[in-house]
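The chain contents come next:
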Amino acid sequence: PPAGPAMTPLPAYDAGDPAAYVASRLALVGDRDPVPLLAAAPDRIADAVTHLSDNAARRPEAPSAWSVLQVVRHLADSEVVYGYRLRLLVAADPGRIPDIPGYDQEAWAERLSYLRGTLDEAVEDYAAGRRMTIRFLRTLTETDWTREGHHSERGIESVRQIVTLLAAHDIGHERQIVRIRETLGA
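Criteria and cut-off values
Residues numbered from 1 in each chain as written. Predicted model: local features only at pLDDT ≥ 70, side-chain atom pairs only at ≥ 80, totals over all residues. Heavy atoms only, no water. Helix = DSSP H or I, 4+ residues; strand = E, 2+ residues; numbered from the N terminus. Rg over C-alpha atoms; globule rule 2.2 N^0.38 Å. Contact = heavy atoms within 4.5 Å. Areas by Shrake-Rupley, 256 points an atom, 1.4 Å probe, with all protein chains shown as cover. Lys, Arg positive; Asp, Glu negative; His and termini not counted. Charge placed at Lys NZ, Arg CZ, Asp CG, Glu CD. Pairing = 2+ DSSP bridges. Buried < 20%, exposed > 50% of the residue type's maximum accessible area, 1.4 Å probe, protein only. Polar contact = N/O pair within 3.5 Å; in protein donor to acceptor, adjacent residues only side chain to side chain.

Participant: In this structure, what is going on with the overall build of the protein chain? I would like to understand it.
Facilitator: Within the protein chain one finds eight helices and three strands. Counted from the first residue to the last, the protein chain has its helices and strands arranged as α-α-α-α-β-α-α-α-β-β-α. Expected size for 186 residues packed as a compact globule is a radius of gyration near 16 Å; at 16 Å, the protein chain falls within 12% of this value. Taking as baseline every contact in the protein chain between residues at least 6 positions apart, the subset at least 24 positions apart corresponds to 77%. Working note: accessible area of the protein chain is about 9300 Å², and carbon and sulfur atoms make up 54% of it. Distance between charge centres in the protein chain, computed from 21 positive and 27 negative side chains, equals 2 Å.

So this is what it looks like as structure tokens:
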């Protein structure tokens, strides 16, 4: 399994407390610049799934849990969601705070067939989306980084906070992949 951030347990939080969730995720990134973490994440995920058979990639670690393939598909779709959210905030009229919709990740996993295709395809979809996000982030002005929106579950979030949450999201799911592999002995 990969070394580094994937080996540290995720901070605990109360799932019913959005502020606790945000604080626990931001703690994963700490004072590090999230953009280099985002840029490196596809390679870290690719390393985390190296030499995983198709059968093992499709096996969940427990009933009602996701498989590695489903986690990587979720990362690819999350890239679309976060990319939309970031663009929504940057493109909004100055002074306007747009609504940022939440989404039901379990419904997406089920209805968007997260077990479709191969693990290699899922990794490539994720990497392609991330390359687009990184190019977009490199165009932002200091003002763009401070633009805000109102998340339907977590309240006001800035572009900077969303980018940091996305970096934390990657770290959390990288750790999940490592845990699944360890649980399955894969």
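Participant: What should I look at first to understand the sheet that holds strand E3 (residues 155-158) in this one?
Facilitator: Two pairing modes exist for strands in a sheet, parallel and antiparallel, and in both the strands are linked by backbone hydrogen bonds. Across the sheet, three strands lie side by side as E1-E2-E3; this open sheet has mixed pairing. Strands at the two margins of the open sheet, each flanked by one partner only, are strand E1 (99-100) and E3. Relative to strand E2 (residues 148-151), E1 is paired through two bridges, and the arrangement is parallel. Bridge pairing in E2 places Ile 100 opposite His 151.

Participant: Help me understand the side chain of Gln 70 in this model?
Facilitator: With respect to the secondary-structure elements, Gln 70 resides in helix H4 (residues 68-91). You can call Gln 70 buried: its relative accessible area is 13%. A polar atom in the side chain of Gln 70 sits 2.8 Å from the backbone nitrogen of Ser 67. Those residues within four positions of Gln 70 in sequence are excluded, and the remaining contacts are Ala 65, Tyr 114 and Leu 115.

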